[in-house]
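Architecture and fold: a report
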Amino acid sequence: MENTFEVRTDLALEEKESFPGDGGEITGVSLREWHRANSPIKMTEVKILDKKGEKAMGKPVGTYITLEAGELSVKDEDYHREVSEELSSQIQKLLSGKSYRKPDFHVLVVGLGNGSVTPDSLGPRVLKNLQVTRHLKVQYGDDFWKGRSMPVISGIIPGVMAQTGMESAEILKGIIRETKPDLIIAIDALAARSVRRLGTTIQLTDTGIHPGSGVGNHRHSLTKESLGVPVMAIGVPTVVGAAAIVHDTVSAMIGALSKSMETKGMGDFMGSISSDEQYDLIRELLEPEFGPMYVTPPDIDETVKELSFTISEGIHLAFLGQEDS
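Heads up: these notes are all about the structure in this document.

Backbone geometry places K180, a non-glycine residue, at a positive phi of 55°. Here K180 lies in the loop between α8 (168–179) and β6 (183–192).

What follows is about the packing of helix α3 (residues 77–94) against helix α13 (residues 300–319). Where α3 contacts α13, the two axes come as close as 8 Å, and the packing angle between them is 45°. It follows from the interaxial angle that α3 and α13 lie oblique. Viewed along their axes, α3 and α13 form a crossing whose handedness is right-handed. Side by side, α3 and α13 meet where H80, R81, V83, S84, E85, L87, S88, I91 and Q92 of the first sit next to E306, T310, I311, E313, G314, I315, L317, A318 and F319 of the second.

Turning our attention to the side chain of H106. Examined against the element boundaries, H106 turns out to sit in strand β4 (residues 106–111). In this structure the side chain of H106 is engaged in a polar contact, spanning 2.8 Å, whose partner is the side chain of S154. Leaving out residues up to four positions away in the same chain, H106 has contacts with R134, V152, S154, T179, K180, P181, D182 and L183.

Ranked by internal contacts, the top residues of the largest apolar core, which has 37 residues, are I91, I185, I202, I311, I315 and F319. Elements represented by at least two residues in this core include exactly β3 (62–68), α3, β4, α4 (122–128), β6, β7 (201–205), β8 (231–241) and α13. In terms of residue count, the dominant contributor to this core is α13 (seven residues). In contact with I202, other than residues within four places in its own chain, are I65, T66, L67, L72, V83, L87, I234, G235, V236, L307 and I311. If you look at the next biggest cluster of nonpolar residues, it comprises 14 residues, including L172, I176, A186 and A233.

Tracing the sequence through the fold places P119 in the loop between β4 and α4. Owing to a relative accessible area of 16%, P119 belongs among the buried residues under this scheme. C-alpha separation for the pair P119 and A191, spaced 72 residues apart in sequence, amounts to 10.0 Å. Apart from residues no more than four positions distant in its own chain, P119 is found in contact with A189, T238, V239, T296 and I300.

A complete count under the given rule lists zero aromatic pairs for this structure. Its guanidinium or amino end placed over the ring of W34, R32 lies 3.8 Å from that ring's centre, counting from NZ or CZ.

Turning our eyes to something else, we now look at the pattern of salt bridges. What the rule picks out here adds up to six salt bridges. With its nearest N and O atoms 3.7 Å apart, the salt bridge here joins R32 to E45. One end of the pair, R32, is in strand β1 (residues 29–35); the other, E45, is in strand β2 (residues 42–48), and 13 residues separate them in sequence. When its relative accessible area of 40% is taken as the criterion, R32 is described as partly exposed. For E45, a relative accessible area of 14% gives the class buried. Taking the shortest distance from any N to any O, the salt bridge between E85 and R81 comes out at 3.3 Å. One end of the pair is E85 and the other is R81, both in helix α3 and four residues apart, which spans about a single turn. Linked through salt bridges whose partners overlap, the residues forming this network are R81, E85 and E313.

About the cut-offs
Residues numbered from 1 in each chain as written. Predicted model: local features only at pLDDT ≥ 70, side-chain atom pairs only at ≥ 80, totals over all residues. Heavy atoms only, no water. Helix = DSSP H or I, 4+ residues; strand = E, 2+ residues; numbered from the N terminus. Axes fitted to C-alpha atoms, helices over the stretch in contact; angles between N-to-C directions. Parallel < 35°, antiparallel > 145°, perpendicular 65-115°, else oblique. Left-handed = near helix turned anticlockwise from the far one by under 90°. Contact = heavy atoms within 4.5 Å. Polar contact = N/O pair within 3.5 Å; in protein donor to acceptor, adjacent residues only side chain to side chain. Core = buried A, V, L, I, M, F, W, Y, C linked by side-chain atoms within 4.5 Å. Buried < 20%, exposed > 50% of the residue type's maximum accessible area, 1.4 Å probe, protein only. Phe/Tyr/Trp six-rings, centres within 6.5 Å; stacked < 30°, edge-to-face > 60°. Lys NZ or Arg CZ within 6 Å of the ring centre and 35° of its normal. Salt bridge = Lys/Arg side-chain N within 4 Å of Asp/Glu carboxyl O.

Rendered as structure tokens:
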């Protein structure tokens, strides 16, 4: 049976958790977790170091940083400001060694997704909150830019293929050729394995992004190899597969059955099936009946709205706020 276990999540953190132990024993993968003092944000850094780690994790070599903050959907300005500051700090760390502090450093921010579909609207909403500056340089020229400590920021919402008839990568190649950015930051909604991570987790990576991969829609990748420009990706899980929810429910049921002497045998039998096999079996049962169904929280509209401000502010702080950092 083909192993489709990795399809359940776009989060490197969740891939790490699918391994026995704490995930730090995976060959070719390094793991670091930390909390800042008096901070509600849990940080996890997963580094995939080589081809062995890439094969084990099912993700490209690179750094995956995860911010977990349970109250991200709540309207709390101070809380969101703290998350934005942490996101800004991690963006700057991933750019360490690059000359992003030069005044004419050009960042192209790409809002991936469909603005008309709420769980997929994170990218477009972030772009609507973004403070762009490239037009000032175009309008007033290089003399205006001299002595000003700010990078050039531009943004684009390429839409989805059903709207434009074009791949995001195709659209971006034309923009890159004309505007010559130094860095691309792609924002996209992701798929998670666990319901509790929906809208509470931000993943930042230097590996680029595969638009639509979270919902089984494998489009042309946005990476340095495909676009010729370094690509940083920021994503938030907004959907979880129905099969993954059933899988977690079955796991909880196995635990409950195993605790009772009357049902222990049944629990032990079901528990003897590997996690991957359980998930594949559930998908085989569900998908002919319901198709590849995905689930999103009832308050997703407010969650995406709040997150779009938080992420855009993190980008502002990382670049436009650099003179204060």
